[in-house]
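# Coordinate inspection notes
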Amino acid sequence: MKGRSLWQVEVSLWLLTLLSVLTARRLFDSWEFAPLWLIMALGGHASAAVTRRQRWPLAAAATASAVMLIIVEGLALYSDTLWLRLLPTAETLRQAAADVTAAWDAFGIVEAPTPATAGFLLVGGAVIWLAAFAADALALRTRSVGQGLLPAFCVLAFVGALGTDAWRIRSAAAMVVCAAAFVAAHGIHHTGDRTPVGASDRRRATVPMRTALRLGIPAALVAALLVPLLPGSDAPAIVSWKDLDGSAPASRVTISPLVNAQGRLVGTSGAELFRVEADAPAYWRVSGLSRFDGTFWGSEQLYGDASRHLDGRTSDELLTQQVTIAALDSIWLPAAYEPVAYDGPEALYDPETGTLVTEHSSELESGMTYTVSSSVDVPSVAGLVAASGDVPADIAQKYLDLPDNFNRRVAGLAADITADASGPYAKALALQNFFLENFVYALRVPSGHDAERMEQFLFSERRGYCEQFAGTYAAMARAIGLPSRVAVGFTPGELIDGVYVVRGEHYHAWPEVWIAGRWVYFEPTPGRGAPGAVVYTGVAPQQVVPGDPEAAGEAGSGFIGELGLEDLEGLSGDLEGFVDVLDFEGSQAPTGSWSEWLVVPFYAVLAVGIGWLIIVPSAVRVRRALHHRRARHDARAAIGAAWDDVAETLFNLGIDRRTVETHAEFADRVDRRLRIDSGELRSLAAAAQEAAYAAEPPPPQTVTEARLDAQHLEARIRSARSRWDRIGTACRPSALTAGPRSRRRNRAAVNGRV
């Protein structure tokens, strides 16, 4: 039974790995990671199983598996850069290295659930593949059941450490059940010599499996139901490393919301995040990012109590907003800039960046409501033009800071663009217009905004999404002496029955420049425009059109173009027609779409496999039927055909007739081997021997009895074997040739005794 029970070990181990992959949903905000990672898990196991069955050395098997890993991930994530659409090139390696670097940088600050970015898909897929290969090698090469469990449970531990709390008990319980099934199957395969296929022996061999499942399933259910009820299960962790709160409310630590910009735009585009009841539209801002380390924009914010009045800039133009949270999975409270009053659940406020966050919880709750009043007065063009270039020391120290190794080519470009501009406002406007006149919005681009990515964005591609426009603009503004930062939030959303419905597709980032003692919006992203800001930016209010991501916008809307300052002064901020001119297609993979180069071949292979499961058994049945049809008028041949059917079944089990054996001797050996203890095989052997050697052909009654004996024998042998064993035997390629090979052995035995 060792050869046949091997299927049980492999299937149970594969299920364990696949389940560990599914638990990774606790790390991501959607299931977009699952197709690739499941294929990687199957690929790792398949490469290990094939090379092991072919008796390859471990080093050769690992090398072949690594090559397959590189090819599959290349097809999945970088198909456009591959040589002959198959082998990686230098560009493939460069993009992969950039994505891995971005993933590593994001890993230190991002919090689950996070979008499945290309870097996370690349690294995670490789880990899953290697874990699957290692599990197979440890379980079936070294025969170590404990080490075979280790890779899957390492994945589970990683997910449990960094993932959300969703499904943690249920996923652990399911893993316990799969692990119990694997341990039992492993024990059946590697304990004792269980070659008999008799019914009683089959039942004895499956006792470990039944016992493990009977114990494992109740234990998993008890753990899932009772553990959450135990005293202290809801108590705070002893080491609260996942807590965002820090040591006191005033020092709450937050991650950069800019890390998720591309993922939010792609992965949650249609999901409603929150609603705003307000008299006018605005950008619903969540945070301002002041620190740029050359790779990421972040912030070092100190929060104070946000109850009632906030320490913000006051004006006569106030906008009151009542916000209702739907599915916004963050700690930030969206509000128009600059908040001056807050009423709602306990929150913290950073006056420097105008950021509101929840005080204790790690994410907003659906149905939560709060009210914010914000000062939304629009700066006048005259005031901006008259502003001097003097910058307060504290502002300059923080908002002009750039890394020492900041790209000189980028800084030189910023200086060239603003060479003819006089004053901070004119420079900021010239920089904005440079992007709007020469770039296009696109999501199907490599992610990130580090120095290398910024140079590609500016000098070669000139395509990107809001994060890249805002981050690049702010860095270039600092390079020419304009204090700047990146703001993150949402465009107004879709106005429905007087309420602004904000979805994932409205996620946005934009730069803010310090001019005339205040922070001023600018909009370098094509297809976007802040309400009211048209009077000084020349960009009409615009955003994505719900349900029509490829809309080009109405005539006269969008970027108004090169206008003088006197033209901007006369524009109205009440322009209508929120439009979209963005290229909203593609995925988070840096290049190509793996639906064409991986999913289609995957389903093609799956179709071939299903076809094989149908065609091979059908071909065997047709071959047997034709064999009987040719022998229907010859009694000797008819009995020989019945004997051939049984001999073929035994041949598939590894029991073939020797040339020196008579029919009766072969039947005795089979009976000792299988312990069937039936006279049917001996009766059939006697009839076949009589048909082969008797001078007269056998009577019809003997032919009928031989056929019935053959049918009963095959039915008994099939019932004594497991379903997977029967399917595996029936669908093996050798099943197509087993009959002819068995008949040749029988003829050789007959000829040898004549």
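Just so it is clear, the structure is predicted and the values come from calculations on it, not from any experiment.

### Examining the environment of A116
- Here A116 lies in the loop between α4 (90-107) and α5 (118-141).
- In this structure, the C-alpha to C-alpha distance between A116 and F33, residues 83 residues apart in sequence, is 5.9 Å.

### Structural notes on the confidence of the model for the protein chain
- Summing up the model confidence of the protein chain, the mean pLDDT is 74 and the portion of residues at 70 or higher is 71%.
- Below pLDDT 50 for its whole length, residues 226-256 participates in 50 contacts with residues either more than four positions away or in separate chains.
- In the predicted structure, residues 548-599 sits below a pLDDT of 50 and forms 141 contacts with residues beyond four places in sequence or in another chain.

### Quick notes on the pairing of strand β10 (residues 347-350)
- With burial as the criterion, each face of β10 is covered, one bearing A347 and Y349 and the other bearing L348 and D350.
- In this sheet, strand β11 (residues 355-358) lies alongside β10 in antiparallel orientation, the contact comprising four bridges. Bridge pairing in β11 links Y349 to L356.

### Here's the deal with the sheet that holds strand β18 (residues 507-515)
- With antiparallel pairing, the five strands of this open sheet are ordered in space as β8-β2-β15-β18-β19. Every other strand in the sheet has two partners, leaving β8 (335-336) and β19 (518-521) as the edge strands with one partner each.

### Topic: helix α2 (residues 34-53)
- Spanning 20 residues, α2 covers 28 Å between terminal C-alpha atoms, matching the ideal 28 Å at 1.5 Å per step.
- With respect to burial, α2 is a largely interior element, 14 of its 20 residues being buried.
- Residue R55 follows α2 closely and has a positive phi angle near 60°.

### Description of the packing of α5 against helix α6 (residues 145-162)
- Interaxial distance between α5 and α6 falls to 7 Å at its minimum, and their mutual angle equals 160°. As judged from the angle between their axes, α5 and α6 are roughly antiparallel. As α5 packs across α6, the resulting crossing turns out to be left-handed. Taking contact as the criterion, the partners of I128, A131, A134, A135, L138 and A139 in α5 are, on α6, Q147, G148, P151 and V155.

### Details of the pairing of β11
- Burial along β11 is two-sided: the face carrying T355 and V357 and the face carrying L356 and T358 are both buried.
- Counting the residues between successive antiparallel strands, the hairpin from β10 to β11 contains four residues, one of them, G354, with a positive phi of roughly 65°.

### Notes on unusual backbone geometry
- Looking along the chain, the bond that leaves Y337 and enters E338 is cis, with omega of 15°.
- Mapped onto the elements, E338 comes out in the loop between β8 and β9 (339-343).
- Here R462, not a glycine, exhibits a phi torsion of approximately 55°, which is positive.
- On the secondary structure map, R462 appears in the loop between α15 (451-461) and β14 (463-464).
- Positive phi, normally seen in glycine, also occurs at D497, with a value near 50°.
- Of note, D497 is situated in the loop between β16 (494-496) and β17 (499-503).

### What about the pattern of salt bridges?
- Taken as a whole and judged by the stated rule, the model has 13 salt bridges.
- The closest approach of N and O atoms between R453 and E461, which form a salt bridge, is 2.6 Å.
- According to the relative accessible area criterion, R453 is buried, its value standing at 5%.
- We classify E461 as partly exposed; its relative accessible area is 29%.
- Among the ionic pairs, E714 bridges to R624, the shortest N-O distance being 2.9 Å. Taken as a pair, E714 in helix α23 (residues 700-719) and R624 in helix α19 (residues 594-630) lie far apart in primary sequence, 90 residues in all.
- Its relative accessible area of 17% is what places R624 among the buried residues.
- Among the charged side chains, a network of salt bridges with common partners joins R285, R485 and E512.

### Considerations on the nonpolar core
- One finds F274, W284, F435, L458, F522 and Y536 to be the most contacted residues of the largest nonpolar core, which totals 88 residues.
- Counting residues per element, this core draws most heavily on helix α16 (residues 466-479), which supplies eight residues.
- Non-local contacts of F274, meaning those with residues more than four positions away in its chain, are made with W284, V323, T324, I325, A326, L328, P334, F490, Y500, V501 and V502.
- A76, A103, L121 and V155 belong to the second-largest nonpolar core, a separate cluster that totals 26 residues.

The rules behind the values
Residues numbered from 1 in each chain as written. Predicted model: local features only at pLDDT ≥ 70, side-chain atom pairs only at ≥ 80, totals over all residues. Heavy atoms only, no water. Helix = DSSP H or I, 4+ residues; strand = E, 2+ residues; numbered from the N terminus. pLDDT = per-residue confidence, 0-100. Contact = heavy atoms within 4.5 Å. Buried < 20%, exposed > 50% of the residue type's maximum accessible area, 1.4 Å probe, protein only. Pairing = 2+ DSSP bridges. Expected span 1.5 Å × (residues − 1). Axes fitted to C-alpha atoms, helices over the stretch in contact; angles between N-to-C directions. Parallel < 35°, antiparallel > 145°, perpendicular 65-115°, else oblique. Left-handed = near helix turned anticlockwise from the far one by under 90°. Salt bridge = Lys/Arg side-chain N within 4 Å of Asp/Glu carboxyl O. Core = buried A, V, L, I, M, F, W, Y, C linked by side-chain atoms within 4.5 Å.

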